[in-house]
Amino acid sequence: DAGVIQSPRHEVTEMGQEVTLRCKPISGHDYLFWYRQTMMRGLELLIYFNNNVPIDDSGMPEDRFSAKMPNASFSTLKIQPSEPRDSAVYFCASSLSGKAKNIQYFGAGTRLSVL
Amino acid sequence: SQQGEEDPQALSIQEGENATMNCSYKTSINNLQWYRQNSGRGLVHLILIRSNEREKHSGRLRVTLDTSKKSSSLLITASRAADTASYFCATDARSGNTGKLIFGQGTTLQVKP
């Protein structure tokens, strides 16, 4: 398996623009997580899904952020409109419940710069 | 607040020395995990210790868990320059196995050749 795949790896956009980050989890995993990492705030959990259903979105900072998981192999995180303070590295991770004991597998991340 | 808090925040050692990082957490857990993050990369799982275990080894890694103190330590023996990375502990809540992990702020380790 290729692991968790995120795209794009880097995104530079201007304030006010819509940004869409994409994630393909490991095949067969039933949990998908979106994190944001900054120097100031560390690693923050934004939202996570179980079997494509959002379970906890309490970490989503504002209504400008939304996430979807239309099927088991794809998820998006959208920011509209984007602001400079959204600049961060966004990670997607997936895990398999049960005997795997919730070990999470991370993608390489998307580095977002909002100018 | 974060479930896991690492100590120290940063650590610099010479190659060949041992590195010890500590993690404290607040609630009862099922297990505790340690992850490594190389610069510009995603986190990678290193080792998992269950709440009923006190010590676990994996290669040059040794993890201890003290549930009475709600703390864990990660020891890297005979460190190498390639061990330079940030290390995070992560815990899951015992009540309701939601699949969610709480990550600490991490310890940045620099191993000088």
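Structural notes, computed from the coordinates. (Residues numbered from 1 in each chain as written. Chains lettered and ligands numbered in written order. Predicted model: local features only at pLDDT ≥ 70, side-chain atom pairs only at ≥ 80, totals over all residues. Heavy atoms only, no water.)

Below, the discussion takes up the interface of chain A and chain B. Facing 19 residues of chain A, the contacting portion of chain B comprises 21 residues. For the chain A and chain B pair, buried surface summed over both sides reaches about 1,600 Å², with 51% attributable to carbon and sulfur atoms. Applying the counting criterion to the chain A and chain B interface returns one salt bridge. For Asp-56 of chain A, the salt bridge goes to Lys-100 of chain B, with nearest N and O atoms at 3.3 Å. (Contact = heavy atoms within 4.5 Å. Buried area = accessible area lost by both parts, 1.4 Å probe. Salt bridge = Lys/Arg side-chain N within 4 Å of Asp/Glu carboxyl O.)

Moving on: the side chain of Gln-6 of chain A. Residues and elements named next belong to chain A. Counting through the fold element by element, Gln-6 comes out in strand E1 (residues 5-7). A polar atom in the side chain of Gln-6 sits 3.0 Å from the backbone nitrogen of Gly-109. For Gln-6, the contacting residues outside a window of four places in its chain are Arg-22, Trp-34, Tyr-90, Phe-91, Cys-92, Gly-107, Ala-108, Gly-109 and Thr-110. (Helix = DSSP H or I, 4+ residues; strand = E, 2+ residues; numbered from the N terminus. Polar contact = N/O pair within 3.5 Å; in protein donor to acceptor, adjacent residues only side chain to side chain.)

With that out of the way, let us pick up the state of the cysteines. Inspection of every chain in the model, using the stated rule, returns two disulfides over all chains. Here Cys-23 of chain A pairs with Cys-92 of chain A through a disulfide, and the sulfurs are 1.9 Å apart. When the S-S torsion is -65°, as for the bridge of Cys-23 of chain A with Cys-92 of chain A, the disulfide is left-handed. Of this pair, Cys-23 of chain A sits in strand E3 (residues 19-24) while Cys-92 of chain A is found in strand E9 (residues 88-95), placing the two residues 69 residues apart along the sequence. The exposure class of Cys-23 of chain A is buried, given its relative accessible area of 1%. Here Cys-23 of chain B engages in a disulfide with Cys-89 of chain B; their sulfurs sit 2.0 Å apart. Because the torsion about its S-S bond is 65°, the bridge between Cys-23 of chain B and Cys-89 of chain B counts as right-handed. Of this pair, Cys-23 of chain B sits in strand E3 (residues 19-24) while Cys-89 of chain B sits in strand E9 (residues 85-93), and the two are 66 residues apart along the sequence. As far as burial versus exposure is concerned, Cys-23 of chain B and Cys-89 of chain B are alike and both buried. (Disulfide = S-S within 2.5 Å. Buried < 20%, exposed > 50% of the residue type's maximum accessible area, 1.4 Å probe, protein only.)

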